[in-house]
There are 4 protein chains.
Amino acid sequence: MKCKKTTESTSPNRFGTHFCFTSFGESHGIGVGGVVDGMPAGTPVDIVSIRTALEERSGRRQAAGTSPRARVEDDEVEWLSGVIQAEDGSLVATGTPLAFLIRNHHQRPEDYDWLRDTNRPGHADYTYRTKYGRYYDYRGGGRASARETAARVVAGELAAGLLLQQHISIEARLTQVGLETDPERFDPLLREIQAAGDSIGGIVSCTITGLPAGIGEPLFDKIQCRLAAAMLSINGCKGFAYGTGFDMRPRGSELYHAGEVPCPASGGIEGGLTNGLPLTFCCAFKPAATLTQLYGGRHDACIAVRAVPVVRAMTALVLQDILSMTNTTHHDQ
Amino acid sequence: MKCKKTTESTSPNRFGTHFCFTSFGESHGIGVGGVVDGMPAGTPVDIVSIRTALEERSGRRQAAGTSPRARVEDDEVEWLSGVIQAEDGSLVATGTPLAFLIRNHHQRPEDYDWLRDTNRPGHADYTYRTKYGRYYDYRGGGRASARETAARVVAGELAAGLLLQQHISIEARLTQVGLETDPERFDPLLREIQAAGDSIGGIVSCTITGLPAGIGEPLFDKIQCRLAAAMLSINGCKGFAYGTGFDMRPRGSELYHAGEVPCPASGGIEGGLTNGLPLTFCCAFKPAATLTQLYGGRHDACIAVRAVPVVRAMTALVLQDILSMTNTTHHDQ
Amino acid sequence: MKCKKTTESTSPNRFGTHFCFTSFGESHGIGVGGVVDGMPAGTPVDIVSIRTALEERSGRRQAAGTSPRARVEDDEVEWLSGVIQAEDGSLVATGTPLAFLIRNHHQRPEDYDWLRDTNRPGHADYTYRTKYGRYYDYRGGGRASARETAARVVAGELAAGLLLQQHISIEARLTQVGLETDPERFDPLLREIQAAGDSIGGIVSCTITGLPAGIGEPLFDKIQCRLAAAMLSINGCKGFAYGTGFDMRPRGSELYHAGEVPCPASGGIEGGLTNGLPLTFCCAFKPAATLTQLYGGRHDACIAVRAVPVVRAMTALVLQDILSMTNTTHHDQ
Amino acid sequence: MKCKKTTESTSPNRFGTHFCFTSFGESHGIGVGGVVDGMPAGTPVDIVSIRTALEERSGRRQAAGTSPRARVEDDEVEWLSGVIQAEDGSLVATGTPLAFLIRNHHQRPEDYDWLRDTNRPGHADYTYRTKYGRYYDYRGGGRASARETAARVVAGELAAGLLLQQHISIEARLTQVGLETDPERFDPLLREIQAAGDSIGGIVSCTITGLPAGIGEPLFDKIQCRLAAAMLSINGCKGFAYGTGFDMRPRGSELYHAGEVPCPASGGIEGGLTNGLPLTFCCAFKPAATLTQLYGGRHDACIAVRAVPVVRAMTALVLQDILSMTNTTHHDQ
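Residues numbered from 1 in each chain as written. Chains lettered and ligands numbered in written order. Predicted model: local features only at pLDDT ≥ 70, side-chain atom pairs only at ≥ 80, totals over all residues. Heavy atoms only, no water.

A.B. asks: How would you sum up the overall build of chain A? Please name residues and give values.
C.D. replies: A count of helices and strands for chain A gives 10 helices and 14 strands. Of all 333 residues assigned to chain A, the portion counted as buried reaches 64%. Within chain A, contacts between residues separated by at least 24 positions form 70% of all contacts whose residues are at least 6 apart in sequence. Total accessible area computed for chain A in this model is approximately 11,100 Å², and 51% of it derives from carbon and sulfur atoms. (Helix = DSSP H or I, 4+ residues; strand = E, 2+ residues; numbered from the N terminus. Buried < 20%, exposed > 50% of the residue type's maximum accessible area, 1.4 Å probe, protein only. Contact = heavy atoms within 4.5 Å. Areas by Shrake-Rupley, 256 points an atom, 1.4 Å probe, with all protein chains shown as cover.)

A.B. asks: Run through the interface of chain B and chain A, naming residues and quoting values.
C.D. replies: Each partner contributes residues to the interface: chain B has 103 residues there, and chain A has 103 residues. If you sort the residues of chain B by the area they bury against chain A, Phe220, Lys238 and Met248 of chain B come out on top, with a joint share of 11%. Of the charged contacts, one joins Arg251 of chain A and Glu192 of chain B as a salt bridge, the two residues approaching to 3.8 Å between their closest N and O atoms. At the surface where chain B touches chain A, the tally comes to 19 residue pairs in polar contact (both at pLDDT 80 or more). Counted by class, the side of chain B that touches chain A contains 49 nonpolar, 35 polar and 19 charged residues. Pairing geometry for strand β11 (residues 237–242) of chain A and strand β11 (residues 237–242) of chain B, over 3 bridges, is antiparallel. For Gly239 of chain A, the partnering residue across the bridge sits in β11 of chain B and is Ala241 of chain B. (Buried area = accessible area lost by both parts, 1.4 Å probe. Salt bridge = Lys/Arg side-chain N within 4 Å of Asp/Glu carboxyl O. Polar contact = N/O pair within 3.5 Å; in protein donor to acceptor, adjacent residues only side chain to side chain. Nonpolar A, V, L, I, M, F, W, Y, C, P; charged D, E, K, R; others polar. Pairing = 2+ DSSP bridges.)

A.B. asks: With reference to specific residues and values, describe the sheet that holds strand β7 (residues 91–93) of chain D.
C.D. replies: The strands that make up a sheet are held in pairs by hydrogen bonds between backbone atoms, and each pair lies either parallel or antiparallel. Residue and element names in this part refer to chain D. Taken together, 3 strands build an open sheet; the order of strands is β4-β7-β6 and the sheet is antiparallel. Each end of this open sheet is capped by a strand with a single partner; those strands are β4 (44–45) and β6 (83–85). Here 3 bridges tie β6 to β7, and the two strands are oriented antiparallel to one another. Looking across to β7, one finds that Ile84 is bridged to Val92.

A.B. asks: Outline the packing of helix α1 (residues 47–58) of chain B against helix α4 (residues 149–165) of chain B, supporting the account with residue identities and numerical values.
C.D. replies: All names here are of chain B. Put simply, α1 and α4 touch, their axes get as near as 9 Å, and they point 145° apart. The handedness of the crossing between α1 and α4 is right-handed. Where α1 approaches α4, its residues Ser49, Ile50, Ala53, Leu54 and Arg57 are matched on the opposing element by Thr149, Ala150, Val153, Val154, Glu157 and Leu158. Considering only residue class, the contact of α1 with α4 consists of 7 nonpolar, 2 polar and 2 charged. (Axes fitted to C-alpha atoms, helices over the stretch in contact; angles between N-to-C directions. Left-handed = near helix turned anticlockwise from the far one by under 90°.)

A.B. asks: Please provide a residue-by-residue account of the sheet that holds strand β6 (residues 83–85) of chain A, values included.
C.D. replies: In space, the 3 strands of this open sheet follow the order β4-β7-β6 (chain A), with antiparallel pairing throughout. The sheet terminates laterally at β4 (44–45) and β6 of chain A, the two strands that pair on one side only.

A.B. asks: Quick one: what's the story with the pattern of salt bridges, residue by residue and with numbers?
C.D. replies: If you walk through the whole model with that rule in mind, you get 56 salt bridges over all chains. Notably, a salt bridge pairs Arg147 of chain C with Asp75 of chain C, separated by 2.9 Å at the nearest N-O pair. Placement of Arg147 of chain C in the loop between α3 (125–132) and α4 (149–165) and of Asp75 of chain C in the loop between α2 (68–74) and β5 (78–81) is noted, with a sequence separation of 72 residues between them. With relative accessibility at 16%, the residue Arg147 of chain C sits in the buried group. Taking relative accessible area as the criterion, Asp75 of chain C reaches 10% and is therefore assigned buried. For the salt bridge of Asp247 of chain C with Arg249 of chain C, the shortest nitrogen-to-oxygen distance reads 2.9 Å. Since its relative accessible area comes to 58%, Arg249 of chain C is described here as exposed. Counted as one network, the salt bridges with shared partners bring together Arg57, Asp75 and Arg147 of chain A.

A.B. asks: Quick rundown of the environment of Gly276 of chain D? Include the residues and the values.
C.D. replies: Residues and elements named next belong to chain D. Tracing the backbone through its elements, the reader meets Gly276 in the loop between β13 (273–274) and β14 (279–285). On the basis of relative accessible area, Gly276 is assigned to the partly exposed category, the value being 41%. With 65 residues separating them along the chain, Gly276 and Leu211 place their C-alpha atoms 6.1 Å apart. Setting aside chain neighbours within four positions, we find Gly276 in contact with Leu211, Pro212 and Ala213.

A.B. asks: Kindly report on unusual backbone geometry, identifying the contributing residues and their values.
C.D. replies: The residue after Val261 of chain B, namely Pro262 of chain B, is reached through a cis peptide bond having omega -5°. Of note, Pro262 of chain B is situated in the loop between α7 (252–255) and β12 (269–270). We note that Leu219 of chain A has phi near 55°; this positive angle belongs to a residue other than glycine. Inspection of the secondary structure puts Leu219 of chain A in the loop between β10 (202–209) and α6 (223–232). Residue classification places Leu219 of chain A among the buried positions, given a relative accessible area of 2%. Non-glycine residue His167 of chain B carries a positive phi angle of around 65°. You can see His167 of chain B is positioned in the loop between α4 and β9 (169–177).

A.B. asks: Break down the packing of aromatic side chains for me, citing the residues and quoting the values.
C.D. replies: All told, the structure shown has 20 aromatic pairs over all chains when counted by the stated rule. With a centroid separation of 6.5 Å and 40° between ring planes, the pair formed by Phe240 of chain A and Tyr242 of chain A is classed as tilted. Take Phe240 of chain A and Tyr242 of chain A: they sit in the same class, and that class is buried. Taking the centre distance of 5.3 Å and the plane angle of 35° together, the rings of Phe240 of chain C and Phe281 of chain C count as tilted. With Phe240 of chain C in strand β11 (residues 237–242) and Phe281 of chain C in strand β14 (residues 279–285), this pair connects stretches of sequence that are 41 residues apart. Just as Phe240 of chain C is buried, Phe281 of chain C falls in that class too. Three or more aromatic residues link up through ring pairs in this structure, and these residues are Phe15 and Phe21 of chain A together with Phe220 of chain B. (Phe/Tyr/Trp six-rings, centres within 6.5 Å; stacked < 30°, edge-to-face > 60°.)

A.B. asks: Any details on helix α5 (residues 186–195) of chain B? Residues and values, ideally.
C.D. replies: Residues and elements named next belong to chain B. Every buried residue of α5 is accounted for by Phe186, Leu189, Leu190 and Ile193. The arc enclosing the buried residues of α5, seen along the axis, measures out at 100°, which places them on a common side. Every exposed residue of α5 that faces more than 90 degrees away from the buried side is listed here: Arg191 and Ala195. Buried residues along α5 sit in contact with β9 and α9 (303–326). Gly197 lies just past α5 and shows a positive phi near 65°. (Arc of directions from axis to C-beta.)

A.B. asks: Hey, could you go over the relation of the copies chain B and chain A for me, with residue numbers and the actual values?
C.D. replies: With an RMSD of 0.0 Å, the operation that places chain B on chain A is a rotation of 180° combined with a shift of 0.0 Å along the axis. Classification of the inter-copy transformation places it as that of a two-fold axis. The fraction of interface residues of chain B whose copies in chain A are also interface residues reaches 100%, indicating that both copies meet through the same surface. (Least-squares fit on C-alpha atoms with pLDDT ≥ 70 in both.)

A.B. asks: Describe helix α1 (residues 47–58) of chain A, naming the residues involved and giving the relevant values.
C.D. replies: All names here are of chain A. The terminal C-alpha atoms of α1, which comprises 12 residues, lie 16 Å apart, in line with the 16 Å expected from a rise of 1.5 Å per residue. Ile50, Ala53, Leu54, Glu55, Arg57 and Ser58 are the residues of α1 that are buried. With a side-chain oxygen lying 3.0 Å from the backbone nitrogen of Val48, the N-terminal cap of α1 falls on Asp46. Gly59 sits one or two positions beyond α1 and adopts a positive phi of about 85°. (Expected span 1.5 Å × (residues − 1).)

What follows is the structure, given as C-alpha cells:
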C-alpha cells in the first residue's frame, strides 16, 4: 500500500527527450498548461494553427453558430516564457523553455460532486483511487480528463511548425465510425448515436509526407515503437497499426515483389526506419464510456472525432523529438 | 549525409530503466548477447525456463526428430558476470549486471554474399544502407536479424522469473494464422503455405494474470504505451491492440454498465493503470518477406509462430521494469 | 553553425528523474517558474519555509530596513496546478505536477540596453551568443541570470519538506569568505569589499543528517556524483569536495584505523553510498564577475552569500530524487 | 529493509546517453567488460592506444623489467561484437554496439577469504553489505574494485579516438602528491610512502584542447556538471575544481578585466559552455585506504597515479557523449 506511492515518483507527465514537453494542470483547477523545451531560437510560433487545432480538439470547429471570438476566448493560450514579440508583432521562440497556460473557464465544481463516490466503468476513477488514495481529486478525473489534451495540442502544433520548415507534413483524419467507412455517412450516424444517448468507436488514420529515408532507430526505438506509444497515450485509444496491420488476408507473395524497394506494403517503415514513402498508420478508439444513458449530461458519441487533432499533435511531438536528435532540421535548410 | 550519422549516437540497444536490458551482437559475428541490470541480489536464475524459451524461439521445439541435446548445444548461454553458483549448483544473481553471450554456430558468411548488392523488399536492407552507409554489414542484416531476439528471450526469462516470485504469470500464444482462428487447423495451413514457398500473417495473444490494480502511470507512460512500444519493436509486428481494440461493432451501451467496476471490456487497463483483472492484448505479425519463391532457401511460413516467446519476453521486460520501480516485489513477499 | 542548434534540443532545464523539477522563465520576461513532478498526493506544502528561502536567496533577509511585507510581495509564488487548499487553508499536493510562477516586478529593460553589444568576462554573454546566435536575449542573460535560482529554491523547499518527513535535515552555511574562516569577521570584510566595488570568493558548506546507511548507487551514479553535478550547476560554483577533499596533508595511516567502520574521514560516503554518518561537503564560489568597478550599479561582493539557500535547494532535490526511487519514504512511516 | 533492494533496480552501470557505455563484470569473476553504443560505423578502433591506457591503469607501464608481451597478455581485450576487420587487418566499428571482455587471470578467491567478515574503513565493504545484504560478494568488493576501471579505460579510449578525429585532445597528468607539486620529486616521495606501508593523497589535472566555443548546456547540464559527476565516480576521488576552484585569494578585480573575452580565469567554461580556450580542471584523490600497515599485501602508495588514465577515459566519455548530440563531429570534418 505505502510503496504504491513510489509509482508517482517518476515523470509520466513528460514526453520526449530532445524536443521535450512537460504537461501540468487539471480540468477543474486554474487551468492546463505545459513547458516545451527544444524550440530552436528564432523559430516563429504560429498562433493561428494553434488556435485552429484547439478548436478542433474542443469540438467547436464542427459546431455551428459559434463566433470565432467566443472560441478564441475559450481556449486562450497565455505564454509565460520562451517567446518574444518580433517587430511585426508575431511571436518568436527565444530558445529557452516555452511555458504556457490555458485557463479553465466557468468550471462548476458542483457539477462533479455526484462523482465523489462513483467509479465509472471504463474510466480512471477506480484505478486512480487505488493508486492515489484519498487525495485523488474526483472532479473531472484531474489529469485523466480530456481537458489535458489541450496542452498536448499546443505543444504538438509547435512541433508541427518545426516539421513544416523541414517540408514534413502530417494529416490526421477520421476514416471509420463504427463499421461505416464512408465519410459522407459519418454525420448522420453520429447524430443517431448521440440521439440514442449511446456511443460508438472510430478509427483515426494519419499520413506523414516528406520524411527522408533512414529516420528512426533499430531494435527497441523503432519509429513505430515511438508512434505506437504516443497514440496509446491518448485517452480511449485501444490499438495502433501500420502497413498491413491486422489485415490477415494477404499472402507474402501478394505483398513483396523482388526489387520493389522501398516496399509499398510497409507503410513507410522498413526495419524500424523510414523508407522515404509516406508513413501511414491508424489508431482505434473505443466508444466513449461516459454515456448519457448512464449519467445524463452531454457526452461525445464518438471520441475519435475530437481525437483527430490530438493524434496529429502526438505524431508531431514524436517526429520532432527524433529529428531534433538526427538533426535533419539543419540539413534541409 | 554526415549528420545522419548522429542518429546512431543514441542507445536504441537498451530497453528499460529500472530493470534494464542492453543488447549486443550480430547474427554473423561471434554471437549475440546482453547485459541485464536490475536483478536483485540472491534471485535464482532458472536455466531450464531460459533453455525452453530459446528452443521455442529457434523453432526447434515444434520440429520433430531433433534431440533435446542438439537443441541445447545450439543456443548455449555463456554467463560472463553477475551470477554465482550456489551450494546446490544452481545459479544465483549477485545483484551486479548479468552479462551473457550466445555464440553463433556454423555461420557460413558465403551464404550471404549474394545479399551484398540486394535490397529485399520488407527488409531493413535498404533503410539500413541509407542510414549506415557502406559499413552496414550485409550478411544477415546484422542487428535486424531475428537472431538478435535470442538475447531478448534470455533477458525476458530473467524478468519472468522475478514476476513469478510476485505471483504474476504471462501466457503468450498463437491465436490466428491468416484468417484461421482454430488452433487445430494451424499446422495443416502452415504446411500448405510452406510447401507453396509462400508466407502468411498471424496474431499472437498475451494474457497476464496476477497484476495488482493501480500499476502503471497516467498520461504518457500508461502501461499500454509501454506494452505497445515493446511489441512493435519485434521484427514483423505491425499492430498492437487491447480491450476492444479494432473491433468497431460494439456500442458503448453494450460495453459499459453502471457499477461494473473494474470493467471487463477494458482488457485489464483503465486510465492507463491495471484494474486488477487479467491484462490481455494481441499483436499482428505480417507475412514473412523472405520468401522461398523469391530467394530460395528455407524461410518461416508464419513468423508469428516463433514470435510467441519473444512477445512473452518483451512483456516480462516491460512489467518488471515498471514493478522494479513500484517496488511491488518487496510487498508481496 | 546550423548544427549547433541541436544542442538546444535536449532538456537541460530539467533536474531529477523520480522527483523531477522542470525550470522555465527569464529574468526580464513575465517571470520564472517551474513544474515539480513527484510530490506524493497529500504532502503538505510549507509556504513559510519557501518564503524564508526565497528571502535568503534574494539577499533581503540580510538587508536591514526592509519590511516583511515588501519582501513577500517581491517573490510571491503563484501556484498554477498540483495543490488544493485543505480545510484549514493550508496547501496540500494532489499528486499531480505542481506548476508555479514567480512574476518579475519593476523590470526595466532599458537598464540592460548597454549590454546589447557587451560581452562581460566571466559571464555567459559570449558563450551564449556563440551557441544561440542573434536570438540570444541580451537583457540580464536570460536563463543565465541568478533570477532563475528563485525557481530552484521553491522546488528545493518542496523536496526539503519531504525529506523532513523522513527525519532528514539539510544545513547549508557560509564557512569562508576569501581567506577568512571566522564567521564573526565576514560582515566587516564583505562591507570593505563592497565599498571597494570589488568582489571576493567564498565557500559554502553543507551537512545532511538523518540519512540511513546504504543510500546511493555504485559506479557512475554514486551519491557524490549527483551532489557534485548539482552544486556545479549553480552559477559561480567552481569546485566541490567532500571528506578529505583537496586536503593533501593527511597520510592514510592518519585517516583509516582498523575496525573504525563507518569511517569518520569519509564525509559520510563510502563506496558511493551513505555510511550512516552525517554527510558533509563544501562548494567553492568564485568572486562575482559583475564588478561595480567595471560596470557601475550594485553587485554582490560575494555571491556565496546568496548561494547558501540554492546549495540547500539543490541538495534537497538530489536527495529526494534518490529517495523517491529507494522508497525510504515509505519505510520510516 | 526489503524496500532497500529497489535501489538496485536502476542502471548505475551505464554512462552516457548518446555515446553510451554499459559496464559489467567483477574483479574475481570471469572478467570485466562493457558495451559501447554510439560509435559511428566505419570508425577505426585504435588497439595500440587502448593497450597503452590499460598498461597505465594496471600500473605496469611505470614498473621496470616487465616485457611488453607480459603486459599485453595481462589485459587482453576480447571483442564480442560491433567490430569487423578491415582489409589491412585493423579493426573498424560497424555502428552496432561494441561489446568487449577482459578476462581475469590467476584470480585466487582464497586471497579474499579473510575479507568475508571484515569491513575495511574507507571501503565499500560496510555500505555495500548494508545495501545488498548476504549476497554481496566479499571477494575484492565486486564492482567496487579498481579492476572495474579497466572497462572504463577501453570505452574511454574509443571515445578519445572519436575526439581526435575532431582535433580534440585530452591530457591528464599527476600534478601533486601530498604537498609536493614538483613532478621531479614524486618518485622518491612515493617510494618512501610505499616503504612505510602508508599512503598519500594526490591531484590529477586535466587539459582539453580543441573544443570549439559554445559546447555544453546551460542550467543543470553545464559541461562542468558532467565532468564533476564523471570524476567523482572514480574510486577515491574526493573533489573536483576548475578555473579558480578553491583558491580564495584572488579578488574579482584581479580576475576579470573589461573586454577580456573569452576570460582566461574561467578555466575554459563560461555560463556552463566552453569558451574556446583550453578547458582545465583537477581532481583530488584521497590516500588509499588499503594499507599494508593494516592488511599486509601490496597496495598503492598513491591511487592518483593509476587514476590518471581513468580521468582521461571518463573525460573522453563525457565529451563524446555531448558531441555526439551536438553533432560537431560532422561539422569539423
